[in-house]
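Commentary on secondary and tertiary structure
Listed below are the residues making up each chain.
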Amino acid sequence: MKKFLLSLAIIFSCASAVSAQNGTTTGSNTDAYGVDLSSRYMQLVGEADQASAAAQWMRADSLLVAAMRAEPANPLNIMLMSNLGMIRFYQGNDSLALLTLDAANRMEPRATIVLTNRAKVKVATGDTDGAIADWNSVLEIDSTNVATRYLRSIALLRRGDADGAEKDAYWLRDNAPKDPRTDLAMGTLLSSTARYQEAIPYLNHSIETEPAAELYAARALCNLMTGNLNEASSDISEGMRLDPADGELYLYRALLNRMRYRPDDARADARRAVELGVAASRAQALLDN
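One structure accompanies this document, and this report is about it.

Cut-offs and rules
- Here, residues in each chain are numbered from 1, in the same order as that chain's written sequence.
- Restriction of local features to residues with pLDDT of at least 70 applies here, the model being predicted, together with a cutoff of 80 or more for giving and counting side-chain atom pairs; totals for whole chains, interfaces and linings are based on all residues.
- Hydrogens are left out, water is left out, and the side-chain values use all remaining heavy atoms of the structure.
- Secondary structure elements are taken from DSSP: a helix is a run of H or I of four residues or more, a strand is a run of E of two residues or more, and numbering for both begins at the N terminus.
- Expected helix span is given by 1.5 Å per residue-to-residue step, counting one fewer step than there are residues.
- Exposure classes here rest on a 1.4 Å probe applied to the protein chains alone. A residue is buried below 20% of its type maximum, exposed above 50%, and partly exposed in between.
- In what follows, residue pairs with any heavy atoms lying within 4.5 Å of each other are defined as contacts.
- As a rule, the C-alpha atoms of each element are fitted with a line to give its axis, helices using only the stretch in contact, and angles between N-to-C directions run from 0 to 180 degrees.
- Orientation labels follow simple angle bins: below 35 degrees gives roughly parallel, above 145 gives roughly antiparallel, 65 to 115 gives roughly perpendicular, and whatever is left gives oblique.
- Two helices crossing with the near one rotated counterclockwise from the far one by less than a right angle form a left-handed crossing, whereas a clockwise rotation gives a right-handed crossing.
- In the scheme used here, Gly and all other residues not listed as nonpolar or charged are polar, with Ala, Val, Leu, Ile, Met, Phe, Trp, Tyr, Cys and Pro taken as nonpolar and Asp, Glu, Lys and Arg as charged.
- The pairing test for Phe, Tyr and Trp rings, Trp by its six-membered ring, is centres within 6.5 Å, and the orientation test on the planes gives stacked under 30 degrees, edge-to-face over 60, and tilted for anything in between.
- Charge-over-ring contacts are defined here by two conditions on Lys NZ or Arg CZ: a distance within 6 Å of the ring centre and an angle within 35 degrees of the ring normal.
- Criterion for a salt bridge: a side-chain nitrogen of Lys or Arg within 4 Å of a carboxyl oxygen of Asp or Glu.
- Working definition of a nonpolar core: buried Ala, Val, Leu, Ile, Met, Phe, Trp, Tyr and Cys residues. They are joined through side-chain atoms within 4.5 Å.

Turning our eyes to something else, we now look at helix α14 (residues 247–259). Compared with the 18 Å implied by 1.5 Å per residue over 13 residues, the 19 Å span of α14 between its first and last C-alpha is a close match. Among all positions in α14, only G247, L249, Y250, L251, Y252, A254, L256 and N257 are buried. Looking one or two places after α14, you find Y261, whose phi comes out positive at around 60°.

To continue, consider the environment of L63. Residue placement: L63 occurs in helix α3 (residues 57–70). Taking the relative accessible area as the measure of exposure, L63 reaches 8% and is therefore buried. Separated by 20 residues in the primary sequence, L63 and Q43 have C-alpha atoms spaced 9.4 Å apart. Leave out the neighbours within four places in its chain, and L63 touches L44, E47, A48 and A51.

As a packed pair, helix α12 (residues 213–225) and α14 sit with axes 9 Å apart at the nearest point and diverge in direction by 20°. When the interaxial angle is binned, α12 and α14 end up roughly parallel. Classified by chirality, the crossing of α14 by α12 is left-handed. Contacts between α12 and α14 involve A213, Y216, A217, L221, L224 and M225 from the former and E248, L249, Y252, L255, L256 and M259 from the latter. Of the residues assigned to the contact of α12 with α14, the class counts are 11 nonpolar, no polar and one charged.

Once that is clear, we can look at the packing of aromatic side chains. Any two aromatic rings considered together are summarised by their centre-to-centre distance and by the angle between their planes. Taken as a whole and assessed by the stated rule, the structure comprises two aromatic pairs. Consider the rings of F89 and Y90, whose centres lie 5.7 Å apart with planes at 50°: the pair is tilted. Of the two residues examined, F89 and Y90, each falls in the buried class. Aromatic ring contacts, followed pair by pair, group W57, F89 and Y90 into a single cluster. Taking NZ or CZ as reference, R149 lies 4.6 Å from the ring centre of W171, over its face. Sitting over the ring of Y170, R173 keeps its end group 4.3 Å from the ring centre.

This paragraph deals with the pattern of salt bridges. A full pass over the atoms with the stated rule returns 17 salt bridges. Close ionic contact of R59 with E47 constitutes a salt bridge, the shortest N to O distance being 3.7 Å. Of this pair, R59 sits in helix α3 while E47 sits in helix α2 (residues 37–53), placing them 12 residues apart in sequence. Assessed through its relative accessible area of 44%, R59 is described here as partly exposed. For E47, a relative accessible area of 24% puts it in the partly exposed group. Of the charged contacts, one joins R88 and D61 as a salt bridge, the two residues approaching to 2.9 Å between their closest N and O atoms. Highlighted residues: R88 in helix α4 (residues 77–90) and D61 in helix α3, separated in sequence by 27 residues. Both residues of the pair, R88 and D61, count as buried.

With that settled, consider the nonpolar core. Formed by 31 residues in total, the largest nonpolar core has its most connected members in Y41 and L80. At the level of secondary structure, the elements contributing two or more residues to this core comprise α2, α3, α4, α5 (94–107) and α6 (112–124). The dominant element in this core, judged by the number of residues it contributes, is α4, at nine residues. Judged by nonpolar contacts, the second largest core, of 28 residues, contains A119, A199, A212 and L215.

Orientation of α5 relative to α6, taken along the N-to-C sense of each, is 155°, at an axis distance of 10 Å. If you check the angle between α5 and α6, you find them roughly antiparallel. In the packing of α5 onto α6, the handedness of the crossing is left-handed. Residues D94, L98, L101, D102, A104 and N105 of α5 touch α6, and the partners they reach there are V114, L115, N117, R118, V121 and K122. Looking at the contact of α5 with α6 residue by residue, the class counts come to six nonpolar, two polar and four charged.

Right, let's get into unusual backbone geometry. Within the chain, A194 stands out as a residue other than glycine whose phi angle is a positive 65°. Mapped onto the elements, A194 comes out in the loop between α10 (180–192) and α11 (196–209). At Y261, a residue that is not glycine, the phi angle is positive and equals roughly 60°. Along the polypeptide, Y261 turns up in the loop between α14 and α15 (263–275).

What follows is the structure in structure tokens.
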């Protein structure tokens, strides 16, 4: 199942807690025909969970809607609404997903899962400011949320707010030093703000934890900028092995070839970087020389 969907086990455990708190059982709610709505509710939720696990999004959507109609006052509906919003997002219905998550947020403004899911959809639709606003709200409710700190740090950095990104990255460094996202946040921050030597240890840890082409690209740039050309070459090769279509790696190999006085190879790699989506303005100096 995709991330950001609450599983049936979590919902059932919440149901038990709610029932215990209210002094009720899930079998006590019946309709005019004696049908146990609570039992139907949980059956529908269980079927929706199975459909989600199988990526049967339309079926999962219908089942969640049916569950909420069966028991519209059930306090667990906030979780179902959050799941429903993400299911609609996975179906490609971004606008409907946002409307669903907005409705869930109105139901319970302090539900961090709703805010987190809505931020995910906003990022995907290009609304970085809206996502940051939702992450701000999450951290006002739970300042120790590591995942949100990491996501906000990266988003602030991309938006050009290096100071804000640094505050979040340093908070992660001081409060969650062993979390892999801390290494990612620190490595990204330091490499993006020209502190290349400082960034390398964090990128080393990130690559050891979960190798990825973009991490090799980031470390390759740091090695290039600190004169470690052999290490940069190794990073570029390994990154290209993982993702042969990563334009950043071709751009950095172009720079490496230029530093090794191979102008023809540099121009060829720069052209390939542009073909793979790198902005021509970034490669222009390598294309001209």
